[in-house]
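Each chain is listed here by its residues.
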Amino acid sequence: MTTIAEREVALIDLVDRLLGGGVVIAGDITLSVAEVDLVYVQLRALISSVASAEEKGFLPRLGSAV
Amino acid sequence: MIELYALTDHPAPSLPDGASLSTVAHAGLAFVWGPAPTPTELSPELLWRHEELLEKLMEDRDILPVRYGTRLPDEAAAAWALCERHHELALALDRVRGAVELSVRVIGTEREPPPADGMSGTEYLRAREQTSTARASALRTVHEPLSLSARASSERAPRAAGELVRAAYLVDREAVQEFAATVTRLQAAHPRLRLLCTGPWPPYSFSET
Amino acid sequence: MRDKLLHAPPDLDLFATDRPRLDQALTRRVNADPESVERGLAQLVLTIVELLRQLMERQALRRVDGGTLNEDQVERLGHTFMELDKRMAELREEFGLDQDDLNLNLGPLGNLL
């Protein structure tokens, strides 16, 4: 029997790989987010989030000491 | 909709029962797929079940795991993807042939307090320097020797508190126990570090085309 | 779940502090498809900023070690980097990016960071 700590630790290593690794085959990635039954992510829809990022002006200002 | 699980050689041993799996094949490669399950909230159980399926496949064949959650409209789309990307997929599968992935994390026990609000600039730099030194040292004493005994290695940004190294190693199946023994030896040689090695995993971190 | 621990120290809890936030992980996945051309103006820019931050921080540490800066300068330098670090974390959070996402694969040259 595995202990809780063992399961947690293994889960961390699993999630690291499962959600970030593996070969990418073009397709819609279907995700399920809490309180929403189904979220179809159309990869082209990312354009809108990127466009709004440009508006936000997200380069941090550096201090004068540098 | 169908969900893709893994890329394998074709022909291959018959699929494990009980998961309504099918294959679609072309020129020596095949995708293992199943009907797309109804979307449910992501949970550890869901992930473990997916993982167990991949590991069952991995028991008697080499696999290239497909990114979790990859869905295509139907089998024809999978066949098309297989033909379209055949060359790079074949290369990717060859790269991991006969090997599995092992994970290693290294934590330092002499932890400097993490950057906190109210920390002075000088304290921050000192903490960063200590972390930087500790990481470089752990890479040299742990990651390097392990990389030498693996087919390939990949390192990620350390994430958790006190974490110095978070790495993945592509290790020949027959060399797994020896690798684990090396980790144990390295642990014994560096009592102020804590090493964790988990696996074998499907080669998630070495699946890029 | 089969036993996956090949080597583990007795104080295993040290490795269990980073509870995977599965809902956050999904947001990251949205940005994670390398096939997507839009894969992130944000990700690209933040990667470059992160590269610069690391280079500058390393240089600053060398100057501090070299003893050419007075206490006040060290303090201001450290404070600036602390603020920059905090800001980077905020930006990563805002775009659902992980520390790992701020990287570029340079093929045979390996990863940028």
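Conventions adopted
- Residues numbered from 1 in each chain as written.
- Chains lettered and ligands numbered in written order.
- Predicted model: local features only at pLDDT ≥ 70, side-chain atom pairs only at ≥ 80, totals over all residues.
- Helix = DSSP H or I, 4+ residues; strand = E, 2+ residues; numbered from the N terminus.
- Contact = placed C-beta atoms within 7 Å.
- Buried ≥ 20, exposed ≤ 12 C-beta atoms within 10 Å, placed from the backbone.
- Nonpolar A, V, L, I, M, F, W, Y, C, P; charged D, E, K, R; others polar.
- Pairing = 2+ DSSP bridges.
- Axes fitted to C-alpha atoms, helices over the stretch in contact; angles between N-to-C directions.
- Core = buried A, V, L, I, M, F, W, Y, C linked by C-beta atoms within 7 Å.
- Domains from an automatic or database assignment.
- Parallel < 35°, antiparallel > 145°, perpendicular 65-115°, else oblique.
- Arc of directions from axis to C-beta.

**Brief notes about the overall build of chain C**
Okay, so step 1: The helix and strand inventory of chain C stands at three helices and one strand.
Okay, so step 2: Long-range contacts, defined as pairs at least 24 residues apart, comprise 67% of the intrachain contacts of chain C with a sequence gap of at least 6.

**A short note on the overall build of chain B**
Okay, so step 1: Tallying secondary structure elements over chain B gives five helices and nine strands in all.
Okay, so step 2: The N-to-C order of helical and strand elements in chain B reads β-β-β-α-β-β-α-α-β-α-β-β-α-β.
Okay, so step 3: Taken over 209 residues, chain B has a buried fraction of 39%.
Okay, so step 4: Within chain B, residue pairs in contact and separated by at least 24 positions form 74% of the contacts whose partners lie at least 6 positions apart.

**Some words on the interface of chain B and chain A**
Okay, so step 1: On the chain A side, the residues contacting the 28 residues of chain B number 24 residues.
Okay, so step 2: Residue assignment for the side of chain B that touches chain A shows that the elements contributing at least two residues are strand S1 (2–9), helix H1 (44–60), strand S4 (63–65), strand S5 (70–72) and strand S9 (193–201) of chain B.
Okay, so step 3: Of the residues in the side of chain B that touches chain A, the class split is 16 nonpolar, eight polar and four charged.

**Looking at the sheet that holds S9 of chain B**
Okay, so step 1: Strand order in the open sheet formed by five strands is S7(B)-S8(B)-S6(B)-S9(B)-S1(C), and the pairing between neighbours is antiparallel. A single partner strand is all that each edge strand has here, and the edge strands are strand S7 (152–156) of chain B together with strand S1 (5–7) of chain C. Sheet twist, expressed as the average angle between the axes of neighbouring strands with direction ignored, equals 25°.
Okay, so step 2: Pairing geometry for strand S6 (residues 99–108) of chain B and S9 of chain B, over seven bridges, is antiparallel. Looking at the pairing, Glu-101 of chain B lines up with Trp-201 of chain B of S9 of chain B.
Okay, so step 3: Each of S6, S7, strand S8 (163–172) and S9 of chain B touches helix H4 (residues 121–148) of chain B; the most contacted strand, S8 of chain B, lies at about 10° to it.

**Details of the nonpolar core**
Okay, so step 1: Core analysis: the largest hydrophobic core is formed by 65 residues, its most contacted members being Ala-6, Leu-7, Phe-31, Ala-78, Val-104, Val-106 and Leu-195 of chain B.
Okay, so step 2: Looking at this core element by element, the count peaks at seven residues for helix H1 (residues 4–18) of chain A.
Okay, so step 3: The residues touching Val-106 of chain B, leaving out its near neighbours within four places in the chain, are Ala-138, Val-142, Leu-164, Val-165, Leu-193 and Leu-195 of chain B.
Okay, so step 4: In this structure, Leu-125 of chain B together with Ala-60, Val-74 and Phe-81 of chain C belong to the second largest nonpolar core, which totals eight residues.

**Thoughts on the domain arrangement of chain B**
All names here are of chain B.
Okay, so step 1: Partitioning chain B into structural domains gives domain 1 (2–96) and domain 2 (99–206).
Okay, so step 2: Just the C-alpha atoms count here: the centres of domain 1 and domain 2 sit 30 Å apart.
Okay, so step 3: If you look at the interface, domain 1 gives eight residues, while domain 2 gives six residues.
Okay, so step 4: Broken down by secondary-structure element, the contributors of at least two residues to the side of domain 1 that touches domain 2 are H1, S4 and helix H3 (86–96).
Okay, so step 5: A breakdown of the residues in the side of domain 1 that touches domain 2 according to their chemical character gives six nonpolar, no polar and two charged.

**Brief notes about the packing of H1 of chain A against H1 of chain B**
Okay, so step 1: Running from N to C, H1 of chain A and H1 of chain B cross one another at 70°; their axes reach a closest spacing of 11 Å. By the angle class used here, H1 of chain A and H1 of chain B are roughly perpendicular. Counting all contacts with H1 of chain A, which are made through Leu-11, Leu-14, Val-15 and Leu-18 of chain A, the residues of H1 of chain B involved are Pro-44, Leu-47 and Glu-51 of chain B.
Okay, so step 2: Here the contact of H1 of chain A with H1 of chain B is built from residues that sort into six nonpolar, no polar and one charged.

**Focus: unusual backbone geometry**
All names here are of chain B.
Okay, so step 1: Between His-10 and Pro-11 the backbone carries a cis peptide bond, its omega angle lying at 0°.
Okay, so step 2: Looking at the element boundaries, Pro-11 is found in the loop between S1 and strand S2 (22–26).
Okay, so step 3: Residue Pro-200 follows Gly-199 across a cis peptide bond; omega there is -5°.
Okay, so step 4: With respect to the secondary-structure elements, Pro-200 resides in strand S9.

**Here's the deal with the environment of Ile-2 of chain B**
All names here are of chain B.
Okay, so step 1: Here Ile-2 shows up in strand S1.
Okay, so step 2: Classification of Ile-2 as buried rests on a count of 21 C-beta atoms within 10 Å.
Okay, so step 3: On a C-alpha basis, the gap between Ile-2 and Ala-78 in space is 8.7 Å, while along the polypeptide they are 76 residues apart.
Okay, so step 4: Those residues in contact with Ile-2 that lie beyond four places of it in its chain are Trp-33, Gly-34, Pro-35, Ala-36, Arg-71, Leu-72, Asp-74, Glu-75 and Ala-78.

**Details of the environment of Pro-191 of chain B**
Residues and elements named next belong to chain B.
Okay, so step 1: Looking at the secondary structure, you find Pro-191 in the loop between helix H5 (176–189) and S9.
Okay, so step 2: Classification of Pro-191 as exposed rests on a count of 8 C-beta atoms within 10 Å.
Okay, so step 3: A sequence separation of 83 residues divides Pro-191 from Gly-108, and the C-alpha atoms of the two residues are 9.6 Å apart.

**Here's the deal with helix H2 (residues 75–84) of chain B**
All names here are of chain B.
Okay, so step 1: Listed in full, the buried residues belonging to H2 are Ala-78, Ala-81 and Leu-82. With its buried residues spanning 100° around the axis, H2 presents them on a single face. Summarising the geometry of H2, the exposed residues directed more than 90 degrees from the buried face are Ala-76 and Cys-83.
Okay, so step 2: The elements touched by buried residues of H2 are S1, S2, strand S3 (29–35), S5 and H3.

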